[in-house]
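Fold and contact review
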Amino acid sequence: MESAQQQRRGGGGLVSLSPSQTPRSNDKSVRDLRSADSNSSSKQDKGVNVQVILRCRPLSEDETRIHTPVVISCNESRREVCAVQNIANKQIDRTFLFDKVFGPSSQQKELFDLAVSPIVNEVLEGYNCTIFAYGQTGTGKTYTMEGGARKKNGEFPSDAGVIPRSVKQIFDILEAQNAEYSMKVTFLELYNEEITDLLAPEETMKFVDDKSKKPIALMEDGKGGVFVRGLEEEIVTTANEIYKILEKGSAKRRTAETLLNKQSSRSHSIFSITIHIKECTPEGEEMIKCGKLNLVDLAGSENISRSGAREGRAREAGEINKSLLTLGRVINALVEHSGHVPYRDSKLTRLLRDSLGGKTKTCIIATISPSIHCLEETLSTLDYAHRAKNIKNKPEINQKMMKSALIKDLYSEIDRLKQEVYSAREKNGIYIPRDRFLLEEAEKKAMAEKIERMELESESKEKQITELQELYNSQQLMTVDLSEKLEKKEKKLEETEIALFDLEDKHRQANATIKEKEFLISNLLKSGELEVAWATCLVCFF
Ligand SMILES: Nc1ncnc2c1ncn2[C@@H]1O[C@H](COP(=O)(O)OP(=O)(O)OP(=O)(O)O)[C@@H](O)[C@H]1O
């Protein structure tokens, strides 16, 4: 059943928008109040680089106990990270520069205040922002994003991560401004190219490994974006509600992992907060501003380097983690300004398309370990993160909507939901909203056309195979014929060789006979000459 059915009404006075989620520039019911914003920044026309932050975790207790050598040094003031490598007994230092660097002793609060807090402010100004955690397993992605669990008495722990701190800041600011707002959250997991809704009711989760059950589909929204069909959107009114949702979602993620025998390092999670805030124009008109924050905990990046995701070797990687491999290729394509950016090759890059080269403000937190044993993976993370610094996005403030237009939208959504409820009550079939029906029909049609095309292709291939088979058969016959002819010729050649050999023998014998005869003749001639000379002498004497 459509997610909106499970939505609860927010206390902020506004109801969330339907799954198209954030208003876009081509929405008809939108009025652009951004003239001041859009003119203000020529820098944004050229694009704004993705912000890349590097965090190195401290050695763990075990690593410290066994005196694991440290090969990473961080210089926070110079924003530099240096990796010490020993190659053929030579020490080679590699230094990388990032937008911000947080060394092993950095605290969660420090990282949040310096790097994340400004991003949260931008969400409240109406931007869409994404924060990624990227790094090898065990380097602190989850620690950085989620941090320590809340204490029993609900107290905020000092090691709370980016997500709880962002939530707290959002509510603190909205409450301080006495703003009228509505907020909704979604939480999904992506594993092996399948999307799991971490906020789905228990019954749905139980069947997550049931092959007959369709995984949640990712669909084009017809405006250049995507949406996850049927993804639960929970309306929230307090920070505590979000913390509980996070705990619930993360627990489901772990359960799902054991059920499906997943490895944490191979799944990605995306937690999104969408906020609608009411504002009044100087003319007294009520407008709605919208911002969205995506918080992404990526799978362990060692999958990339181990599977050889760098250009050229990426194909070897096979099925290891299509989404991570594609993320690497998308980063490369964006940095190298290739004409084609392969966003569509994986669900992760389809989901985060706007965060990579789009209109979203993006920050990547790359996490590394200081240990010598992780050096190879660390260098790979440093290379990747350094590369990602060159991606340019063109952040745009979401256009504000007139409250009247929003109310109109909401009325049509209420109508749709009423029809759903009516249909469900009457049990006279399944109600599908017209838009979704048309979308599914269009998909079916496209699928049927594809099947037809493939059938035609397969037919022509079969024809080609038959032709080739016939050609092969006739070639085989020709080969047999030629082999026979060759055999005959070889036999004849053999006979000819024997005859030639005989002739040569005879020729040799004839030569020998001739030489013998010539010898006799010359002997005879010599004896004849002597006789003639003797006779001549006798004649002269007498
Ligand atoms: N900056 C840090 N300060 C203190 N402890 C840290 C820090 N970063 C990570 N840790 C600790 O290191 C361990 C591994 O961290 P974490 O689980 O966050 O890694 P991960 O990158 O999310 O791993 P995975 O990819 O398997 O989910 C945890 O025990 C965590 O508490």
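Residues numbered from 1 in each chain as written. Predicted model: local features only at pLDDT ≥ 70, side-chain atom pairs only at ≥ 80, totals over all residues. Heavy atoms only, no water.

The protein chain has the name Kinesin-like protein in an unreviewed UniProt entry, where Gossypium davidsonii is given as its organism. If you open the UniProt record of the protein chain and go to Sequence similarities (unreviewed entry), you find "Belongs to the TRAFAC class myosin-kinesin ATPase superfamily. Kinesin family. KIN-5/BimC subfamily." UniProt's Function (unreviewed entry) comment on the protein chain is quoted here verbatim: "Responsible for microtubule translocation. May be important for the organization of phragmoplast-specific arrays of microtubules. Plays an essential role in stabilizing the mitotic spindle. Required during mitotic cytokinesis." (UniProt positions renumbered as here; feature names shortened; annotations may be inferred.)

Let's talk about the environment of Val236
For Val236, the location among the structural elements is in strand β12 (residues 234–236). Given a relative accessible area of 2%, Val236 falls into the buried group. Between the alpha carbons of Val236 and Lys184 there is a distance of 5.6 Å; along the sequence they are 52 residues apart. Not counting chain neighbours up to four residues away, the residues in contact with Val236 comprise Met183, Lys184, Val185, Glu241, Ile242 and Ile245. (Helix = DSSP H or I, 4+ residues; strand = E, 2+ residues; numbered from the N terminus. Buried < 20%, exposed > 50% of the residue type's maximum accessible area, 1.4 Å probe, protein only. Contact = heavy atoms within 4.5 Å.)

Observations regarding the site of the ligand
The full set close to the ligand counts 12 residues, and Thr137, Gly138, Lys141, Thr142 and Tyr143 are the nearest of them. In the model, an oxygen atom of the ligand is placed 3.1 Å from a nitrogen or oxygen of the Gly140 main chain. Side-chain polar atom of Lys141 to an oxygen atom of the ligand: 2.8 Å apart, as the coordinates give it. For the ligand, whose accessible area on its own is 630 Å², the fraction buried by protein is 67%. Broken down by element, the shell around the ligand gets its largest block of residues, 3 residues, from helix α5 (residues 141–145). Residues that form the shell around the ligand fall into these classes: 2 nonpolar, 7 polar and 3 charged. (Near = heavy atom within 4 Å. Polar contact = N/O pair within 3.5 Å; in protein donor to acceptor, adjacent residues only side chain to side chain. Areas by Shrake-Rupley, 256 points an atom, 1.4 Å probe, with all protein chains shown as cover. Nonpolar A, V, L, I, M, F, W, Y, C, P; charged D, E, K, R; others polar.)

Some words on the sheet that holds strand β5 (residues 90–97)
The 3 strands lie next to each other as β3-β4-β5, forming an open sheet whose pairing is antiparallel. Unpaired on one side and paired on the other, β3 (72–75) and β5 mark the two borders of the sheet. Averaged over all adjacent pairs, the angle separating strand axes in this sheet is 20°, with direction ignored. Relative to strand β4 (residues 80–87), β3 is paired through 4 bridges, and the arrangement is antiparallel. Residue pairing in the sheet places Ile72 in a bridge with Ala83 of β4. (Pairing = 2+ DSSP bridges. Axes fitted to C-alpha atoms, helices over the stretch in contact; angles between N-to-C directions.)

A look at the pattern of salt bridges
Under the defined criterion, the tally for this structure stands at 15 salt bridges. Close ionic contact of Arg57 with Glu63 constitutes a salt bridge, the shortest N to O distance being 3.0 Å. For the residue pair Arg57 and Glu63, the accessibility class agrees, reading buried in each case. Note that Asp505 and Arg508 form a salt bridge whose closest N and O atoms lie 2.9 Å from each other. Of this pair, Asp505 and Arg508 both sit in helix α14 (residues 434–541), separated by 3 residues, roughly a single helical turn. Its relative accessible area of 48% is what places Arg508 among the partly exposed residues. Among the charged side chains, a salt-bridge network with shared partners connects Glu180, Lys278 and Glu286. (Salt bridge = Lys/Arg side-chain N within 4 Å of Asp/Glu carboxyl O.)

Re the side chain of Ser355
Mapping Ser355 onto the fold places it in the loop between α11 (347–351) and β15 (361–368). Take Ser355: its relative accessible area is 3%, and that puts it in the buried class. Excluding residues within four positions of it along the chain, Ser355 makes contact with Thr130, Phe132, Asn294, Thr360, Thr362 and Asn393.

Considering a negative patch on the surface
Together, Glu484, Glu487, Glu490, Glu494, Glu495 and Glu497 make up a region of like negative charge exposed at the surface. Turning to its location among the elements, Glu497 is positioned in helix α14. (Patch = residues over 30% accessible without salt bridge, like charges linked within 9 Å, V, L, I, M, F, W, Y side chains within 5 Å. Lys, Arg positive; Asp, Glu negative; His and termini not counted. Charge placed at Lys NZ, Arg CZ, Asp CG, Glu CD.)

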